[in-house]
Each structure stands twice: as structure tokens, then as C-alpha cells.
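The residues making up each chain are set out below.
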Amino acid sequence: MKKMDVIKLIRYHVDNNDQAFRDQAYSIAEDFCKNGDNQVGTYIISLLSGYNTMSPQEREIDSDFLRRSEIINNPLPLPQKIYEDIIGITNAVSFNSGINKFLFAGKPGTGKTESAKQLARILSRDLYIVDVNSLIDSRLGQSAKNVDMLFDEINSMYSPQQVLILFDEIDALALNRLDRTDMREMGRVTSSVLKGLDNMSSSVVLVATTNLLDSFDGALLRRFDKIVDFNRYTHQDLEDIALIILNEMLSKFTFANRNTKLFKKILSLASPLPMPGNLKNIIRSSIAFSDPNDGNDYLRKLYMQLCPSLEMNVHLLKEQGFTTREIEVLSAVPKSTVSRLLSKETKK
């Protein structure tokens, strides 16, 4: 950030030039993001987005199709490329440019839903989640009518600039209308979704998620301003995320020993590593259900979950590159016994 940027910011404030002040502040936020300080950039953008001043009672709506969700500020580690897309969405929305419909596509457990929730937090918007099950009705034509009513409710909300709609797993409704295996009723539902997106208030932010991008109707894809691919995880990305999850869990389960080197060795054996959602469950369950009197027990459980087809023994662990001490930790066999067993094997 240059000195002139700060001088301009102060001048616009003194002159009560609100639009120029906001534009300059957004420019400073983007500069922070470009230079690697995403935390400061995101914080500035969240301040500029404005906070809701209405009381919780005023914000509640009576709807059969939408439910308000609390936003919990949990850490959400993402690969840099996906993170940059999220920041780009934040910038676009904050500029009130009319760019407001986004599709998060990727395998289960890649962080699509949690990213949408974090986006609502960054933008300081109330989060409403579409209850897809309530939209589907066995009566002919009623599902399409329900979708129409859903979008009517969205467009009539109290303050659309303070709302983010999460349409989780929108593929449950939006199938390919030209697919001959698709029921005609669901084709009508998809058409209603298209119409609803076309007529939706530009002040509302809508994020849809899908695991089945290839099954989408092409016309529906064109309705979204940005499609974010959540499948862009490298092994290193997943390893970094696993370490963040581990540190978070160890802060709660203090009986567990911190052994980052061994933890990373175990991760390296999984090919491929599970996606973040499943990875978090594996790490969490390994620690939560481990023996509180044995600080290394979670590492054994982690090994067995990531390598379920392998029968653990000292010889296999040696072949996998573990040291004698690490073999002792994983096998619960005393180090002296491990050395003796490996020595016998070497003599043979």
C-alpha cells in the first residue's frame, strides 16, 4: 500500500465523498490481498460491506422453504486458488455490480457448504438455507409451484442486500431437461429454477452447491456469474489442512501427544488422501475415541483408518519407512522388541 492511497482515503473522508472513500478502501483491500495479506484485505472488505442493524426478531421470516442458519466462525483452510476465487466473489458483491449468483461445484467434503457460510460471514449477511425436501411434492405440478413461491419469498425479503441464500445440492432439482431418463415433472421444476434465477433481485446473493456438475442443464450453468471448482486440492494442500485440523483438535484433547513428523508420515501413505470433510472426521474420531491414558493411541487409529487394507506389523512399518521409535509408537511394541524382531529379519 502506497502513502498516496492513505492520503486519498483521508481526503475523501474529510470531503464526505462516501463513494470515492469506499472505492479507495476497496482498492487498498485488493492491494493487501494481492500482496499475500488476505486476512487484512478480507477484514477491510467485511467492514465495508456493512453490518446488519435490525434486531433478530425483525430479521426472522415465516417460510416453509427457507431456514435461517447461524454462522459459526470456524477455521476453513482452502487451497490458494479456491481462496482467491472466494475473495474475488467478495469483491464483486461488495462493489454492488449485480454479480450475485455463484455455483460451488466439487466432490463431497471439499468445503463447498462451509465456504458459502464463511462468505455470508465475510459479507455480514444473514444466511438462509433452502430446504430442498420441502420443495419436492408428489402432486403433479406442485414442486414447480413451490419453486416459484420460494423465489417470490426471496424477492420479498425484508432487506435483500443483507441476505445470502444457500441452495445446497441444487442438483436435486436442476436436472438436464433434455435427458430422456428425466421425468417430465422434474423438467418443469428445472424450468422454474431457471425463471426464478432470472427474476431474482440483484441485491440478494445466492450460492448453489453441487456434486454433479456434469448432469446440469447447460441453460442453468449460464445463469451463474461464477462457477468455482472445489476439486483443486493437491496432496500438499490436504496435508496442510490436516495439520490445521490436528492442531485444532489437540487444543481440545490435551492428553494426545503432538508428533507432527509421524502424523505427516502416516498421511503420506494414503493415496489419495480423503477430501477435507472426510479427513476432518477421520482425524477427529481418531483422537476422540483414543485411549486418554495413551497419548499415542490416536496415531495408531489414524494409521488403521487411512490404511485399512494393511495388517500392521513391525516389518511392514519398517518397509514403509518408519523409524524404530515410530514403529514402537504405532505398534505399541517396546523398542527393544522391535529392534530384536527387525534384527532377526535382517539375519534371514
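Please read all numbers here as calculations on a predicted model, not as lab measurements.

Chemist: Explain the overall build of the protein chain to me, and be specific about the residues and the numbers.
Modeler: When you go through the protein chain residue by residue, the secondary structure sums to 17 helices and six strands. The 348 residues of the protein chain split such that 45% are buried. Restricting to contacts in the protein chain with at least 6 residues of sequence separation, those with at least 24 account for 73%. Total accessible area on the protein chain stands at roughly 18,300 Å², and carbon and sulfur atoms take up 50% of it.

Chemist: Give a detailed account of the confidence of the model for the protein chain, specifying residues and quantitative values.
Modeler: Of all residues in the protein chain, 86% attain a pLDDT of 70 or more, and the chain-wide mean is 84. Per-residue pLDDT stays below 50 along residues 50-58; that stretch engages in 14 contacts with residues further than four places along the chain or on separate chains.

Chemist: How would you summarise the packing of aromatic side chains if you had to cite specific residues and measurements?
Modeler: Here the structure, examined in full by the defined rule, presents three aromatic pairs. Ring centres of Phe-104 and Phe-230 lie 5.0 Å apart, and the angle between their planes is 45°; this geometry places the pair in the tilted category. Within this pair, whereas Phe-104 is found in strand β2 (residues 101-105), its partner Phe-230 is found in the loop between β6 (226-229) and α11 (235-250), the two being separated by 126 residues in sequence. Judged on exposure class, the residue Phe-104 and its partner Phe-230 are both buried. Both rings, one in Phe-253 and one in Phe-255, keep their centres 6.0 Å apart while their planes meet at 85°; by these two values the pair is edge-to-face. Exposure remark for Phe-255: the relative accessible area of 27% places this residue in the partly exposed category.

Chemist: Outline a nonpolar patch on the surface, supporting the account with residue identities and numerical values.
Modeler: A cluster of nonpolar side chains, namely Val-6, Ile-10 and Val-14, defines an oily patch on the protein surface of about 250 Å² accessible area. Note on placement: Val-6 falls in helix α1 (residues 3-14).

Chemist: Provide a residue-level description of the sheet that holds strand β5 (residues 205-210), including the pertinent values.
Modeler: Pairing within the open sheet is mixed, and its six strands lie in the order β1-β3-β4-β5-β2-β6. Looking at the sheet topology across the chains shown, the edges are occupied by β1 (66-69) and β6. Shown here is a sheet whose adjacent strand axes are inclined to one another by a mean of 25°, direction ignored. Relative to β6, β2 runs parallel, the two being bridged by four bridges. Note on β6: the bridge partner recorded for Phe-104 is Val-228. Contacts from helix α5 (residues 80-94) reach β2, β5 and β6, with the element oriented near 160° to β6.

Chemist: Account for the pattern of salt bridges, naming residues and giving values.
Modeler: In the structure shown here, the tally under the stated rule is 14 salt bridges. Here Arg-68 and Glu-70 are joined by a salt bridge, their closest N and O atoms 3.7 Å apart. Assessed through its relative accessible area of 23%, Arg-68 is described here as partly exposed. With relative accessibility at 60%, the residue Glu-70 sits in the exposed group. Close ionic contact of Lys-264 with Glu-239 constitutes a salt bridge, the shortest N to O distance being 3.8 Å. In this pair, Lys-264 is assigned in helix α12 (residues 260-269) and Glu-239 in helix α11, connecting sequence segments 25 residues apart. Residue classification places Glu-239 among the buried residues on the basis of a relative accessible area of 9%. What you see here is one network of salt bridges that share partners, running through Asp-294, Asp-297, Arg-300 and Lys-301.

Chemist: Explain α11 residue by residue, including any values.
Modeler: Compared with an ideal rise of 1.5 Å per residue, which puts 16 residues at 22 Å, α11 spans 22 Å between its outermost C-alpha atoms and is within 8% of the ideal. Among the residues of α11, Leu-238, Glu-239, Ile-241, Ala-242, Leu-243, Ile-245, Leu-246, Met-249 and Leu-250 are the ones counted as buried. Where α11 is buried, its residues meet α12, α13 (276-288) and α14 (297-306).

Chemist: Can you explain the environment of Leu-330? Please cite residues and give values.
Modeler: By secondary structure assignment, the location of Leu-330 is in helix α16 (residues 324-331). For the pair Leu-330 and Val-314, spaced 16 residues apart in sequence, the C-alpha separation works out to 8.9 Å. Sequence-distant contacts of Leu-330, defined by excluding residues within four places in its chain, comprise Leu-262, Ile-266, Leu-299, Arg-300, Tyr-303, Met-312, Leu-317 and Phe-322.

Chemist: Residue-level account of the packing of α5 against helix α6 (residues 112-122), with values.
Modeler: For the pair α5 and α6, interaxial distance at closest approach is 11 Å and the crossing angle is 40°. When the axes of α5 and α6 are compared, the pair comes out oblique. Handedness of the crossing formed by α5 with α6: right-handed. Each of Ile-86, Ile-89 and Thr-90 in α5 lies in contact with α6, whose residues at this interface are Ser-115, Leu-119 and Ile-122. Among the residues forming the contact of α5 with α6, the class breakdown is four nonpolar, two polar and no charged.

Chemist: Can you tell me about the nonpolar core, naming the residues and giving the values?
Modeler: Counting 55 residues, the largest nonpolar core has Phe-104, Val-207, Phe-263 and Ile-266 as the members making the most contacts within it. Ignoring any residue separated from it by four or fewer positions in sequence, one finds Phe-104 in contact with Ile-86, Ile-89, Lys-112, Ser-115, Ala-116, Val-207, Ala-208, Thr-209, Thr-210, Val-228 and Phe-230. Counting 30 residues, the second largest nonpolar core, distinct from the first, contains Val-163, Leu-173, Met-200 and Phe-216.

About the thresholds
- Residues numbered from 1 in each chain as written.
- Predicted model: local features only at pLDDT ≥ 70, side-chain atom pairs only at ≥ 80, totals over all residues.
- Heavy atoms only, no water.
- Helix = DSSP H or I, 4+ residues; strand = E, 2+ residues; numbered from the N terminus.
- Buried < 20%, exposed > 50% of the residue type's maximum accessible area, 1.4 Å probe, protein only.
- Contact = heavy atoms within 4.5 Å.
- Areas by Shrake-Rupley, 256 points an atom, 1.4 Å probe, with all protein chains shown as cover.
- pLDDT = per-residue confidence, 0-100.
- Phe/Tyr/Trp six-rings, centres within 6.5 Å; stacked < 30°, edge-to-face > 60°.
- Patch = residues over 30% accessible without salt bridge, like charges linked within 9 Å, V, L, I, M, F, W, Y side chains within 5 Å.
- Salt bridge = Lys/Arg side-chain N within 4 Å of Asp/Glu carboxyl O.
- Pairing = 2+ DSSP bridges.
- Axes fitted to C-alpha atoms, helices over the stretch in contact; angles between N-to-C directions.
- Expected span 1.5 Å × (residues − 1).
- Parallel < 35°, antiparallel > 145°, perpendicular 65-115°, else oblique.
- Left-handed = near helix turned anticlockwise from the far one by under 90°.
- Nonpolar A, V, L, I, M, F, W, Y, C, P; charged D, E, K, R; others polar.
- Core = buried A, V, L, I, M, F, W, Y, C linked by side-chain atoms within 4.5 Å.

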